[in-house]
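Secondary and tertiary structure notes
Given next are the chains, with one letter for each unit.
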Amino acid sequence: MHGLSRLGNGNARSLASPPSSPRIRHSRGKTSSNQGIGERLVFLLFSVVFRRKGVLLLAPLLYIAGMLLFMGSFGFTILDLGHGVEIVYRRGPPGSVYRSPKVFKLLWPMMEADANRSSSHNALMEAWKPRVKGLWKPCISTNVSAAGSNSNGYFIIEANGGLNQQRLSICDAVAVAGLLNATLVIPIFHLNSVWRDSSKFGDIFDEDFFIYALSKNVKVVKELPKDILERYNYNISSIVNLRLKAWSSPAYYLHKVLPQLLRLGAVRVAPFSNRLAHAVPAHIQGLRCLANFEALRFADPIRLLAEEMVNRMVTKSVQSGGNYVSVHLRFEMDMVAFSCCEYDFGEVEKLEMDMARERGWKGKFRRRGRVIRPGANRIDGKCPLTPLEVGMMLRGMGFNNNTLVYVAAGNIYKADRYMAPLRKMFPLLQTKDTLATLEELAPFKGHSSRLAALDYTVCLHSEVFVSTQGGNFPHFLIGHRRYLYKGHAETIKPDKRKLVQLLDKPSIRWDYFKKQMQDMLRHNDAKGVELRKPAASLYTFPMPDCMCKEPDPEPETDPA
């Protein structure tokens, strides 16, 4: 338990069956010779056509006929949206339809009866098994020194996207600057069309602390010196913008970027996103660790309010030892629209989703030949969990209705409707809007990255974190939690493929559903400590690049 201490921070072949030849079983009576000749002529005609170019004319027709037959045989419905876009529904497969409200309505009485019988039990107090072995601790080694070395030039980047996409760009830029022995200029934040946040680096992160924390390894300056600015007429956009391929190797930077840096004195990469490979030498990985886990501290206005919000959560959860659950809920309109999933199958929802997709991703979802499969997406675990589904999962795992839950989210789609069941299951639910006053939040309104930083901090210090949809926010947060909490993520990542199957059974028993959810919780506990694989990111898996394994305690000996 963390409580008050947390704030310290053979070739496989497809054997296609040949088309069955229609066998003509002659009756015992006489058969007309003319009929046999006619049939042979038809057969001969088809043989000639298929051996010649005529097959090109018939093949498309046969293909379409076959597809229509296939769709009809297997229960497909095709809705043509025009412009070559189709939505394909498959009737019947378990998990393909959002039936969770019906299941919730049937299970709610049993859920409440169960809570009344075991009101004192809460999974929050025992979500994670105590560990005395296999513990990890922060252990960053860079072997890169900026002291007394002559810089090879100035490295300028533009970071785009939301808070944690920007964080990724910043940390990778620190690593590249160390690799090239370059001076890093405080990154420029690109105004993103989706996030629409005009915040600068210093509005979100503590610039002075960032520079200080990196000073022994990478030199960082707030702006270019006057002589460089004069060379480019005080216009940074005049500095050559290098187009780098994604996931570039250190060798690529040394052979392609360093010569340009030495020749020009300054280079710019805009945008700088996913431009450094996961696999780099250990001392460069160490710079990533140092930047992400130590140097990037939120600016004072964000940090002070976030810490106060954490304190309020701890105070409100005194009955559970100061522990609470945080949920990253991705059920905003843009996320629901992008997923191409359906929830109420109504015309209003369809129109809203079409408009949202067009606003955010003009034309992407209306390209000719695009096929949208809402049912297949749901079965495959690609649909955002609704607040109701998150609540049912947590109650099934054993978190009772006295659990303090913090929901980190943007503007929930149809919040009044979709949040009501979650509040019913967890009456003590909090968000940043209930935890902080209007006056406290006023400086952050209209700045999505600053608001996300508040959510990030409250989630970081929770006893249990629930990730529902993936993305940069949980990826960074899970790694940060591992870094702080001895290598264990202390995170629930639902098996959504399994969950949608269970929530598609109106006749499911509450005891059975509970057992499945508790198995899922145990699985998440077992997977809490994971080492980074070669293709994975250290921002999610900081062991072993950023952490060292603690020695196991010596076994106690009997003094007798």
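What comes next concerns the included structure. (Residues numbered from 1 in each chain as written. Predicted model: local features only at pLDDT ≥ 70, side-chain atom pairs only at ≥ 80, totals over all residues. Heavy atoms only, no water.)

1. Description of helix α10 (residues 300-316)
Where we set the bar: Here a strand is any run of E in DSSP of at least two residues, a helix any run of H or I of at least four, and the numbering for each starts at the N terminus. Any helix carries an expected span of 1.5 Å times its number of residues minus one. Only protein chains enter the accessibility calculation, which uses a 1.4 Å probe; a residue whose area is less than 20% of its type maximum is buried, one above 50% is exposed, and one in between is partly exposed. In this description, contact between two residues means that some pair of their heavy atoms is separated by no more than 4.5 Å.
End to end, α10 covers 24 Å across 17 residues, agreeing with the expected 24 Å (1.5 Å per residue, within 8%). Within α10, burial applies to Ile302, Leu305, Ala306, Met309, Val310, Met313 and Val314. Along its buried surface, α10 packs onto α5 (201-204), β11 (405-408), α16 (432-435), α17 (438-441) and α18 (448-460).

2. Digging into the nonpolar core
This is how it is decided: Nine residue types can take part in a nonpolar core, namely buried Ala, Val, Leu, Ile, Met, Phe, Trp, Tyr and Cys, and a core is a set of them joined through side-chain atoms within 4.5 Å.
Core analysis: the largest hydrophobic core is formed by 95 residues, its most contacted members being Phe155, Phe205, Phe210, Tyr253 and Leu454. A total of 11 residues in this core trace back to one element, the largest contributor, which is helix α4 (residues 163-180). Apart from residues lying up to four places away in sequence, Tyr253 is in contact with Val176, Leu179, Leu180, Leu244, Ser248, Leu258, Phe272, Arg275 and Leu276.

3. So, the packing of aromatic side chains
Given two aromatic rings, one states the distance between the centres and the angle between the planes to describe the pair. Short version of the rule: Between rings of Phe, Tyr and Trp, where Trp is taken as its six-membered ring, a pair exists when centres lie within 6.5 Å; planes separated by under 30 degrees are stacked, by over 60 edge-to-face, and by other angles tilted. Any Lys NZ or Arg CZ that is within 6 Å of a ring centre and within 35 degrees of that ring's normal is treated as a charge sitting over the ring.
Per the stated rule, a full pass over the model turns up 20 aromatic pairs. Geometrically, the ring pair formed by Tyr98 and Tyr343 is edge-to-face, given 5.2 Å between the ring centres and 75° between the ring planes. Linking Tyr98 in the loop between β2 (85-90) and α3 (100-117) with Tyr343 in the loop between α11 (333-339) and α12 (347-360), this pair joins segments that are 245 residues apart in sequence. Exposure remark for Tyr98: the relative accessible area of 9% places this residue in the buried category. On the basis of an interplanar angle of 80° and a centroid distance of 5.1 Å, the ring pair of Phe331 and Tyr343 is categorised as edge-to-face. One end of the pair, Phe331, is in the loop between β9 (325-328) and α11; the other, Tyr343, is in the loop between α11 and α12, with 12 residues separating them in the sequence. Take Phe331 and Tyr343: they sit in the same class, and that class is buried. An aromatic cluster is built from Phe189, Phe201, Phe205, Phe210, Phe298, Tyr456 and Phe473, whose rings are joined through pairwise contacts. Of note, Arg297 hangs over the ring of Phe209, and the distance from its end group to the ring centre comes to 4.0 Å. Lying across the ring of Phe365, Arg357 places its NZ or CZ 5.8 Å from the centre.

These figures capture arrangement, not role.
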